[in-house]
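# Residue-level structure breakdown
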Amino acid sequence: LERMTGNPIVTLNRAVAVGMAFGPAAGLELADALRSEPSLKSYYLFPSVRGDLLERLGRFDEARAEFERGASLTRNARERSLLQGRAADCARESAAAPREAGMRPVALRRRVIAALFGQLDRNASDDRGADQAFPVRIETTAVADSSIT
């Protein structure tokens, strides 16, 4: 589809998919190639996607700026609130701990919630009965690392 249309929105969607499949650095590389695309300058999802990928990389200051930019571009109050909340999460994460400590709790919670709701959404749209839907199982592990709060 990307080759057929040349549509930058399709390429941005591909960046999201690549980020999910191969990691946020790979997705960010594709997204960054679109930075000079005029049609994306006022598209609120472009900085939102970059913010998500940057957050997953632990680059919270850059992610915060992208979420704030996305929030300023959307006209939808609910989306603006969501993006402002993600920007605030990034500000807290940035101030909370050294960058080399790995994934911060807010990012981890967000990924668990996204995985859970993604699975529930797939189950809800599934044409099988609820008793036959794929089970969702989240396992937790205690971590004795004082740098994680």
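It should be noted that the structure appears before, not after, this text.
So, here's what we can say about the structure. Along every chain, residues carry numbers that run from 1 in the direction the sequence is written. Owing to the predicted nature of the model, reporting of local features is limited to residues with pLDDT of at least 70; listing and counting of side-chain atom pairs is limited to 80 or more, with chain, interface and lining totals taken over all residues. The basis for every side-chain value is the complete set of non-hydrogen atoms in the structure, without hydrogens or water.

### As for helix H4 (residues 45-56)
For clarity, the cut-off: Numbering of helices and strands starts at the N terminus; helices are DSSP runs of H or I of at least 4 residues and strands are runs of E of at least 2. Multiplying one less than the number of residues by 1.5 Å gives the expected span of a helix. For the exposure calls, accessible area comes from a 1.4 Å probe over protein chains only, and a residue counts as buried if that area is under 20% of its type's maximum, exposed if over 50%, partly exposed in between.
Here H4 spans 16 Å end to end across 12 residues, near enough to the 16 Å set by a 1.5 Å rise per residue. Counting buried residues in H4 gives nine out of 12 residues, a clear majority hidden from the surface. Taken together, the buried positions of H4 are occupied by Phe46, Pro47, Ser48, Val49, Arg50, Gly51, Leu53, Leu54 and Glu55. Gly58 lies just past H4 and shows a positive phi near 80 degrees.

### A short note on the packing of helix H2 (residues 8-22) against helix H3 (residues 24-32)
Put simply, the test is: The axes are straight lines fitted to the C-alpha atoms, using for helices just the contacting stretch, and the angles between their N-to-C directions are given from 0 to 180°. Here the word oblique covers every angle except those under 35 degrees (roughly parallel), over 145 (roughly antiparallel) and from 65 to 115 (roughly perpendicular). Throughout, a crossing is termed right-handed when the near helix is turned clockwise from the far one, and left-handed when it is turned anticlockwise from it by less than a right angle. When checking whether two residues touch, look at their non-hydrogen atoms; a contact exists if any pair is within 4.5 Å. The residue classification treats Ala, Val, Leu, Ile, Met, Phe, Trp, Tyr, Cys and Pro as nonpolar and Asp, Glu, Lys and Arg as charged. All others, Gly included, are polar.
For the pair H2 and H3, the least separation of the axes is 6 Å and the interaxial angle reads 160 degrees. Relative to H3, the element H2 is oriented roughly antiparallel. When you trace H2 past H3, the crossing you get is right-handed. Together, Arg14, Ala15, Val18, Gly19 and Phe22 of H2 and Pro24, Ala26, Gly27, Leu30 and Ala31 of H3 make up the contact between the two elements. Residues belonging to the contact of H2 with H3 are distributed by class as follows: seven nonpolar, two polar and one charged.

### Here we look at helix H5 (residues 60-73)
With 14 residues, H5 should cover 20 Å at 1.5 Å per step; its first-to-last C-alpha distance of 20 Å lies within 8% of that length. On the buried face of H5, the contacting elements are H4 and helix H6 (77-96).

### Some thoughts on the nonpolar core
Which entries qualify depends on this criterion: Residues grouped as a nonpolar core are buried Ala, Val, Leu, Ile, Met, Phe, Trp, Tyr and Cys residues, joined through side-chain atoms within 4.5 Å.
Core analysis: the biggest nonpolar cluster contains 18 residues, and Phe46 and Phe67 have the highest contact counts within it. Apart from residues lying up to four places away in sequence, Phe46 is in contact with Leu12, Ala31, Leu34, Arg35, Leu40 and Arg69.

### Details of the environment of Asn76
Selection rule: Under this definition, polar contacts are N or O atom pairs within 3.5 Å; protein pairs additionally need one hydrogen-donor-capable and one acceptor-capable atom, and for neighbouring residues in sequence, both atoms have to be side-chain atoms.
Within the fold, Asn76 resides in the loop between H5 and H6. What makes Asn76 partly exposed here is its relative accessible area of 36%. In this structure the side chain of Asn76 is engaged in a polar contact, spanning 2.9 Å, whose partner is the backbone nitrogen of Arg78.

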